[in-house]
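Per-entry structural report
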Amino acid sequence: VHEQACGAWRVVALIPGESTDARAAFVERLAAVEPALIVLFAEERVDLVDLAGALAAAAPRARVAGCTTMGEIGPEGLTRRGVVGCAFAGPARAA
């Protein structure tokens, strides 16, 4: 898991082949900024529904959106077959 943070936003990359613990750290680090919005960019074989569900549980006030890619640009540059998440802090969405 690679990370870059600056105040109200955070970019976290989950590199292919990393463990389940790395996936949990990915979710935890994105949720740490108490985001209003999380945007995921992932290789098409990543289960985005499952990952979005884990993020919704960890950051229930955040809206989660995502798309598939042919490569992801994160804190370490271009990766392939991974996931990059961008979390943006802000006011919570209405219930």
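Nothing here was measured: the structure is a model prediction, and the numbers come from that model.

Definitions and cut-offs
- Residues numbered from 1 in each chain as written.
- Predicted model: local features only at pLDDT ≥ 70, side-chain atom pairs only at ≥ 80, totals over all residues.
- Heavy atoms only, no water.
- Helix = DSSP H or I, 4+ residues; strand = E, 2+ residues; numbered from the N terminus.
- Contact = heavy atoms within 4.5 Å.
- Areas by Shrake-Rupley, 256 points an atom, 1.4 Å probe, with all protein chains shown as cover.
- Buried < 20%, exposed > 50% of the residue type's maximum accessible area, 1.4 Å probe, protein only.
- Pairing = 2+ DSSP bridges.
- Polar contact = N/O pair within 3.5 Å; in protein donor to acceptor, adjacent residues only side chain to side chain.
- Core = buried A, V, L, I, M, F, W, Y, C linked by side-chain atoms within 4.5 Å.
- pLDDT = per-residue confidence, 0-100.

1. Focus on the overall build of the protein
Check the secondary structure of the protein and you find two helices and seven strands. Scanning the protein from its N terminus toward the C terminus, one meets helices and strands in the order β-β-α-β-α-β-β-β-β. Across the protein, every contact between residues at least 6 apart in sequence was considered, and the portion connecting residues at least 24 apart equals 70%. In the structure as shown, the protein presents an accessible area of about 5500 Å², 54% of it carried by carbon and sulfur atoms.

2. Notes on the pairing of strand β7 (residues 83-89)
Across the seven residues of β7, five count as buried, placing the element largely inside the fold. Bridge analysis of strand β3 (residues 35-43) against β7 gives seven bridges, and the strand direction is antiparallel. Its bridge partner being in β7, Phe41 is matched across the sheet by Val84.

3. Quick notes on the environment of Val49
Looking at the element boundaries, Val49 is found in helix α2 (residues 48-58). For the pair Val49 and Gly66, spaced 17 residues apart in the sequence, the C-alpha separation amounts to 9.7 Å.

4. What to know about the side chain of Glu43
Looking at where Glu43 falls in the secondary structure, it is placed in strand β3. For Glu43, a relative accessible area of 10% corresponds to the buried category. At 2.8 Å, the side chain of Glu43 forms a polar contact with the side chain of Arg45. Not counting chain neighbours up to four residues away, the residues in contact with Glu43 comprise Thr69, Glu72, Arg81 and Gly82.

5. Topic: the nonpolar core
Membership of the largest hydrophobic core comes to 15 residues, with the highest contact counts inside it found for Phe26, Leu30, Ile38, Leu40, Leu51, Leu55 and Val83. Of all elements in the fold, only α1 (20-31), β3, α2 and β7 reach the threshold of two or more residues within this core. Ranked by residue count, the leading element in this core is α1, at four residues.

6. Observations concerning unusual backbone geometry
Within the chain, Glu34 stands out as a residue other than glycine whose phi angle is a positive 50 degrees. Assignment of secondary structure puts Glu34 in the loop between α1 and β3.

7. A word on the confidence of the model for the protein
Scored by pLDDT, the protein comes out at a mean of 76, with 75% of its residues at no less than 70. Confidence scores differ between elements of the protein, with strand β1 (residues 2-6) showing the lowest mean pLDDT of 64 and strand β4 (residues 63-69) the highest of 86.

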